[in-house]
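Structure assessment
Read off the chains here:
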Amino acid sequence: DDGFSDEFEQVIFYGAGACGYAAAAFSVAAPGARVLMLRPQATLDPRVAEWDDRYLAMRRTSFTDRYGYAPDMLDAAAGAVLLYDPGVEQDAMHSALFNRASVLRFRTRHLGYTMEEVLVRMGVVPRILAQMSAGRLTRQSLAALWRKRRDERGYLFPLLRHLTGEQRDALTVRFCENVLARKRGGPRYRNALSQARARLDAPDG
């Protein structure tokens, strides 16, 4: 209200989880700002998001006053980017509430609740912010940055657990062979590869 953001040539709001909600909600205070959100909540008003039972204490908070419903607060933003893991059901449902033309929604599978930690370690977050600042971020450039996951254990380990848990033996073999061809060591990949091959070679495999 005091015009604080007017002092800056450019404003970018960033946050993950509850801070992702805040980044979207408070961006309305700086019209023309850009917003980067990692697995944000849209609202925790039980009348809208009763399916999210992770933050029950927050249901006592008012989400009906100013800044209450985060997706609506993006109307004045120059653009917004939302990253989410569709494997986390509640996060995917919140993401759907942000489904509007001004929001670029991008799936980052197998990162779960450690998304921010993993993306920061990959060096992706500062590069996204830099591209947003320069007005050059697109779905294609974001997909190019996402390819860095091929060398990140925070992505590879959960993917391996998923494949072995589903007993996708043929895919497990291809996945482990690819990882081992690009990385040294990797006993868990060698073990998973050996077990998957054994099942495939079994008479009833």
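Residues numbered from 1 in each chain as written. Predicted model: local features only at pLDDT ≥ 70, side-chain atom pairs only at ≥ 80, totals over all residues. Heavy atoms only, no water.

1. Examining the overall build of the chain
Rules: Numbered from the N terminus, helices here are DSSP runs of H or I no shorter than four residues, and strands are runs of E no shorter than two. The classification of residues rests on relative accessible area computed with a 1.4 Å probe and restricted to protein chains. Under 20% of the type maximum is buried, over 50% is exposed, and intermediate values are partly exposed.
When helices and strands are counted, the chain shows 9 helices and 4 strands. Of the regular secondary structure in the chain, the N- to C-terminal order runs β-α-β-α-β-α-β-α-α-α-α-α-α. Principal axes of the C-alpha set define a box for the chain whose edges measure 70 × 40 × 25 Å. Relative to its full complement of 205 residues, the chain shows a buried share of 42%.

2. Considering the side chain of Thr43
Let me state the cut-off plainly: For this analysis, a polar contact is any N or O atom pair within 3.5 Å, provided that within protein one partner can donate a hydrogen and the other can accept it, and provided that sequence-adjacent residues contribute only side-chain to side-chain pairs. In this analysis, two residues are considered to be in contact whenever any of their non-hydrogen atoms come within 4.5 Å of each other.
Position of Thr43 relative to the elements: it lies in the loop between strand S2 (34-38) and helix H2 (46-49). A polar contact of 3.0 Å, which involves the side chain of Thr43, links it to the backbone nitrogen of Asp45. When neighbours within four sequence positions are excluded, Thr43 is seen to be in contact with Val48, Ala49, Phe63, Gly68, Tyr69 and His94.

3. Points about the nonpolar core
Nonpolar side chains in soluble globular proteins tend to be buried together. As a reminder, the rule being used: We call a set of buried Ala, Val, Leu, Ile, Met, Phe, Trp, Tyr and Cys residues a nonpolar core when their side-chain atoms join them within 4.5 Å.
Among the nonpolar cores identified, the biggest contains 33 residues, and Val81, Leu83, Leu119, Ile128, Leu142 and Phe175 are the most heavily contacted of them. Among the elements that line this core, the one with the most residues is helix H7 (residues 153-165), at 5 residues. Setting aside residues no more than four positions away along its own chain, Phe175 makes contact with Leu156, Leu159, Leu160, Leu163 and Tyr189. Counting residues in each nonpolar core, the second largest holds 20 residues, with Phe63, Ala80, Tyr84 and Val103 among its members.

4. Quick look at the packing of aromatic side chains
What characterises a pair of aromatic rings is the spacing of the ring centres plus the angle enclosed by the ring planes. Worth spelling out the cut-off: Stacked, tilted and edge-to-face pairs are distinguished by plane angle, under 30 degrees for stacked and over 60 for edge-to-face with tilted covering the rest, among Phe, Tyr and Trp rings (Trp via its six-membered ring) whose centres lie within 6.5 Å.
A full pass over the atoms with the stated rule returns 4 aromatic pairs. When the centroid spacing of 5.9 Å and the interplanar angle of 40° are considered together, the rings of Phe157 and Tyr189 count as tilted. Of this pair, Phe157 sits in helix H7 while Tyr189 sits in helix H9 (residues 187-201), and the two are 32 residues apart along the sequence. A residue is classified by how much of its surface remains accessible, and Tyr189, at 4% relative accessible area, is buried. Consider the rings of Phe175 and Tyr189, whose centres lie 6.1 Å apart with planes at 65°: the pair is edge-to-face. Taken together, the residues span a long stretch of sequence, with Phe175 in helix H8 (residues 169-182) and Tyr189 in helix H9 at a distance of 14 residues. Ring-pair connections join several aromatic residues into one group, and the members of that group are Phe157, Phe175 and Tyr189.

5. Description of the sheet that holds strand S1 (residues 12-16)
This is how the line gets drawn: At least two bridges found by DSSP between two strands is the condition for calling them paired. For helices, the fitted line uses only the C-alpha atoms of the stretch in contact; every axis is such a line through C-alpha atoms, and the angle between N-to-C directions lies from 0 to 180 degrees.
Strand order in the open sheet formed by 4 strands is S1-S2-S3-S4, with parallel pairing between adjacent strands. Among the strands making up the open sheet, the edge pair consists of S1 and strand S4 (103-107). Taking each pair of neighbouring strands and ignoring which way they run, the sheet shows an average axis angle of 10°. As paired strands, S1 and S2 are joined by 5 bridges and run parallel to one another. Paired with Phe13 across the strands is Val35, a residue of S2. Relative to S2, helix H5 (residues 124-134) is tilted by about 160°, and along the sheet it contacts S1, S2 and strand S3 (79-84).

6. Let's talk about the pairing of S4
The condition that has to hold: By definition, the crossover connecting two strands over a helix is right-handed if that path, from the first strand to the second, turns clockwise as seen with the strands pointing away from the viewer.
As defined by bridge partners, S3 adjoins S4 across 5 bridges and the pair is classed as parallel. Its bridge partner being in S4, Leu83 is matched across the sheet by Phe106. Regarding topology, helix H3 (residues 89-97) serves as the crossover connection from S3 to the parallel S4, and that connection is right-handed.

7. Focus on the confidence of the model for the chain
For clarity, the cut-off: Each residue carries a pLDDT value, the predictor's own confidence for that position, ranging from 0 to 100.
Summarising the model, the chain shows a mean pLDDT of 92, and 98% of its residues fall at 70 or more. Taking the mean pLDDT of every element in the chain, the minimum, 90, falls on H2 and the maximum, 98, on S2.

8. Comments concerning the environment of Gly68
If you trace the backbone, Gly68 turns up in the loop between H2 and S3. Residue contacts for Gly68: discarding those within four places in its chain leaves Tyr21, Ala42, Thr43 and Phe63.

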